[in-house]
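Residue strings, one per chain:
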Amino acid sequence: GEGRGKGRGKGKGMGVVVKEVTAKRKREGGYMEIPAAERAYAIYEPLHALWREYAARALEHFPAATAALSPTELSRFEDEVARMDFHGARVRVAAARDPTMVHLEGIVVMETEGVFKVVTEKDRVVAVGKRGVVVEVEVAGRRVEVVGGRVA
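I will try to describe carefully the structure that is included in this document. Fair warning: this is a prediction, and the values are worked out from it, not measured in the lab.

Topic: the pairing of strand 5 (residues 133–139)
- Counting buried positions along strand 5 yields 6 of 7 residues, so the element is predominantly enclosed.
- Pairing analysis gives 5 bridges linking strand 1 (residues 90–96) to strand 5, with the strands arranged antiparallel. Paired with A96 across the bridge in strand 5 is V133.
- By the bridge criterion, 6 bridges tie strand 5 to strand 6 (residues 142–147) in an arrangement that is antiparallel. Bridge assignment links V134 to a residue of strand 6, and that residue is V147.
- Between strand 5 and strand 6, which pair antiparallel and follow one another directly, the connecting turn spans 2 residues, one of which, A140, has a positive phi of 50 degrees.

Structure representation (structure tokens):
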């Protein structure tokens, strides 16, 4: 084809073609599943400790007393939290379209573009859609509400 194999004969030295795995194939292949043996909350507590360290470093340029932030600084703080990687964060669903999700708490063990997979203290893994949900996370000693659709 055009633009590939420039200067080479047709079909020779074309290299390896890498195909992206589709979301459907990932679901069917079990790529997105947490094995039953890995659904224990206690397994992820060390990951949460690492996440707290990551969050502290990522936000260290903000004053330690976040209560002293101006409304503009507080907005910037919340925006930065929303852009963070949530793997390992302990979250609580503060509001959701699905009322059964409200008050759900646990550690994020998997995050995709549209879903948090959260393991609860009862060793259950629950998929929480980001759209239409507000999660609360504790960062730098402050509880921050993040609209799920804003999470990077």
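From this point on, the discussion continues.
Digging into the packing of aromatic side chains
- Evaluated as defined, the whole model comprises 4 aromatic pairs.
- Both rings, one in F86 and one in F116, keep their centres 5.6 Å apart while their planes meet at 45 degrees; by these two values the pair is tilted. Highlighted residues: F86 in the loop between helix 3 (71–83) and strand 1 and F116 in strand 3 (residues 115–119), separated in sequence by 30 residues.
- Relative accessible area serves as the criterion here: at 0%, F86 is assigned to the buried category.
- Linked through ring pairs, W51, Y54, F86 and F116 together constitute an aromatic cluster.
- Above the ring of F116, the side-chain terminus of K130 is found at 5.0 Å from the ring centroid.

Focus on helix 2 (residues 41–58)
- Between its first and last C-alpha atoms helix 2 spans 25 Å; for 18 residues at 1.5 Å apiece the expected length is 26 Å, and the two agree.
- Taken as a whole, helix 2 has its buried residues at Y41, Y44, H48, W51 and A55.
- Next to the buried residues of helix 2 lie strand 1, strand 2 (105–111), strand 3 and strand 5.

Remarks on the sheet that holds strand 6
- Pairing in this open sheet of 6 strands is antiparallel, and the strands run 4-3-2-1-5-6 from one edge to the other. Both edges of this open sheet fall to strand 4 (125–129) and strand 6, since each of them pairs with a single strand only. Adjacent strand axes in the sheet meet at a mean angle of 45 degrees when their direction is disregarded.
- Strands in contact with helix 2 are strand 1, strand 2, strand 3 and strand 5; relative to strand 2, the strand with the most contacts, it is inclined by about 80 degrees.
- Strand contacts of helix 3: strand 5 and strand 6, with the helix running at about 65 degrees to strand 6, the strand carrying the most contacts.

Quick look at the pattern of salt bridges
- This structure, assessed with the given rule, holds 6 salt bridges.
- Of the charged contacts, one joins E138 and R143 as a salt bridge, the two residues approaching to 3.3 Å between their closest N and O atoms.
- The class of E138 is partly exposed, set by a relative accessible area of 44%.
- Taking relative accessible area as the criterion, R143 reaches 43% and is therefore assigned partly exposed.
- Each of R92, E136, E138 and R143 takes part in a single network of salt bridges with overlapping partners.

Reading the values: rules and limits
- Residues numbered from 1 in each chain as written.
- Predicted model: local features only at pLDDT ≥ 70, side-chain atom pairs only at ≥ 80, totals over all residues.
- Heavy atoms only, no water.
- Buried < 20%, exposed > 50% of the residue type's maximum accessible area, 1.4 Å probe, protein only.
- Helix = DSSP H or I, 4+ residues; strand = E, 2+ residues; numbered from the N terminus.
- Pairing = 2+ DSSP bridges.
- Phe/Tyr/Trp six-rings, centres within 6.5 Å; stacked < 30°, edge-to-face > 60°.
- Lys NZ or Arg CZ within 6 Å of the ring centre and 35° of its normal.
- Expected span 1.5 Å × (residues − 1).
- Contact = heavy atoms within 4.5 Å.
- Axes fitted to C-alpha atoms, helices over the stretch in contact; angles between N-to-C directions.
- Salt bridge = Lys/Arg side-chain N within 4 Å of Asp/Glu carboxyl O.

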